[in-house]
Amino acid sequence: VAGLTAFSSTEKESHMAASFVIESKNQAILTALQKMRGYIPTHLADINSTIFSMGLGIDVNEVAPSLTAIWDDLQKPQLTCAPLAELQAELSQQSPAMLGMFTGMANGVKGVSLSLLDYKMSTQDQEPKLESLDALVSLTADNPSMLFNMVKPFAPMLAELQVADNGEPTDLSPLLMLPPEMNIKPMLAIKGQHLVVYSGDKGLALANKLAGEKPSANGLYSMSADYGKMFTPVLTLLELTGEPIPEELQMLKDYNMRVQMSFDVNKQGIVFGSVMNSKASEKK
């Protein structure tokens, strides 16, 4: 089942949202998939909040039991169609219960996200230079501090790194050995139930906002992109350096459009969502 959930069009802006649902009456599988849903930060739902964002919501503790429930349900039908029966026989030899051994290392994880909020480019000696970067990477878990300490023995570079539970940040610049001229200072901190790495004032502001969000099972996947904010700084930089810009890239300059895609599961079935927002280019 597919249809528009929102639509508007004016001289200045057009907006469209659509939903595509693969309906299913198999409540056993749908229930198992819904249990796997994790947490996606609320700012990812705002199509205007970032240049690019991606969030994966998954309750790691539910992955193995949910896949096992799906696997068990797929074994029940007595299939007579030869290709499906063969596939069922192969499936019976691949129990997902073994996943429990691997997911145990990520115990309590509810989701991960990446958000690019802003960036500036400049030139130095005719060479492109990243002048600033505002971004946020987050990992949501029941106990992010314990999870971080569990990972440290497997990553020697993190052995001496200490992260405070009170939200105080730790500078990652010495660890990542970033050159000073990049003017990027990534900070690691625990904000509520979120382990975050952020850069820039906008990254810090969003990290602090995230600290007040309590994880809930609100989705599986979300991705959004703002084409204008993403490509215009790069194309402007190429113009300053005198580099020729391919015609197909030139068309993206001032391309004022935002898109969002999502994937989720509800009681009706598997849901694919999309949003597109386009604004008329400003006259100069």
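## Focus: a nonpolar patch on the surface
Here is step 1: A grouping of Leu-4, Phe-7, Met-16 and Met-276 is seen on the molecular surface, where their side chains present a nonpolar patch of about 390 Å² in accessible area.
Here is step 2: Its location among the elements puts Met-276 in strand S11 (residues 269–279).

## Looking at the nonpolar core
Here is step 1: Residues Tyr-39, Leu-117, Leu-136, Met-187, Ala-189, Val-196, Tyr-198, Leu-206, Ala-207 and Leu-210 constitute the largest nonpolar core, which totals 10 residues.
Here is step 2: For this core, the secondary structure elements donating two or more residues are strand S7 (187–191), strand S8 (194–199) and helix H7 (200–211).
Here is step 3: If you tally residues by element for this core, the top one is H7, at 3 residues.
Here is step 4: Discounting chain neighbours no more than four positions away, the residues touching Met-187 are Pro-169, Thr-170, Asp-171, Val-196, Val-197 and Tyr-198.
Here is step 5: In this structure, Ala-155, Leu-158, Leu-172 and Ile-190 belong to the second largest nonpolar core, which totals 9 residues.

## Details of the pairing of S8
Here is step 1: Across the 6 residues of S8, 5 count as buried, placing the element largely inside the fold.
Here is step 2: Looking at chain direction, S7 and S8 are connected through 5 bridges and run antiparallel. Note that in S8 the partner of Lys-191 across the bridge is His-194.
Here is step 3: With antiparallel pairing between neighbouring strands as the criterion, S7 and S8 make up a hairpin whose turn holds 2 residues, including Gly-192 at a positive phi of roughly 65°.

Rules behind the numbers
- Within each chain, residue numbers correspond to sequence positions counted from 1 in written order.
- Since the coordinates come from a predicted model, pLDDT governs what is reported: local features require at least 70, and pairs of side-chain atoms require 80 or more to be given and counted, while whole-chain, interface and lining totals use all residues.
- Side-chain numbers here rest on the full set of heavy atoms in the structure, without hydrogens or water.
- Patches here: salt-bridge-free residues with over 30% relative accessible area, like charges joined within 9 Å, nonpolar side chains (Val, Leu, Ile, Met, Phe, Trp, Tyr) joined within 5 Å.
- Surface accessibility in these figures is a Shrake-Rupley result with a 1.4 Å probe; residues are shielded only by whichever protein chains are displayed.
- The rule for a salt bridge is simple: a side-chain nitrogen of Lys or Arg has to be within 4 Å of a carboxyl oxygen of Asp or Glu.
- A run of H or I in DSSP becomes a helix once it reaches four residues, and a run of E becomes a strand once it reaches two; helices and strands are each numbered from the N terminus.
- Joining through side-chain atoms within 4.5 Å is the link that ties buried Ala, Val, Leu, Ile, Met, Phe, Trp, Tyr and Cys residues into a set, and such a set is a nonpolar core.
- Buried means the residue's accessible area, taken with a 1.4 Å probe over protein chains only, is under 20% of the maximum for its type, while exposed means over 50%, and partly exposed covers the values in between.
- In this description, contact between two residues means that some pair of their heavy atoms is separated by no more than 4.5 Å.
- If DSSP finds at least two bridges between two strands, the strands pair.

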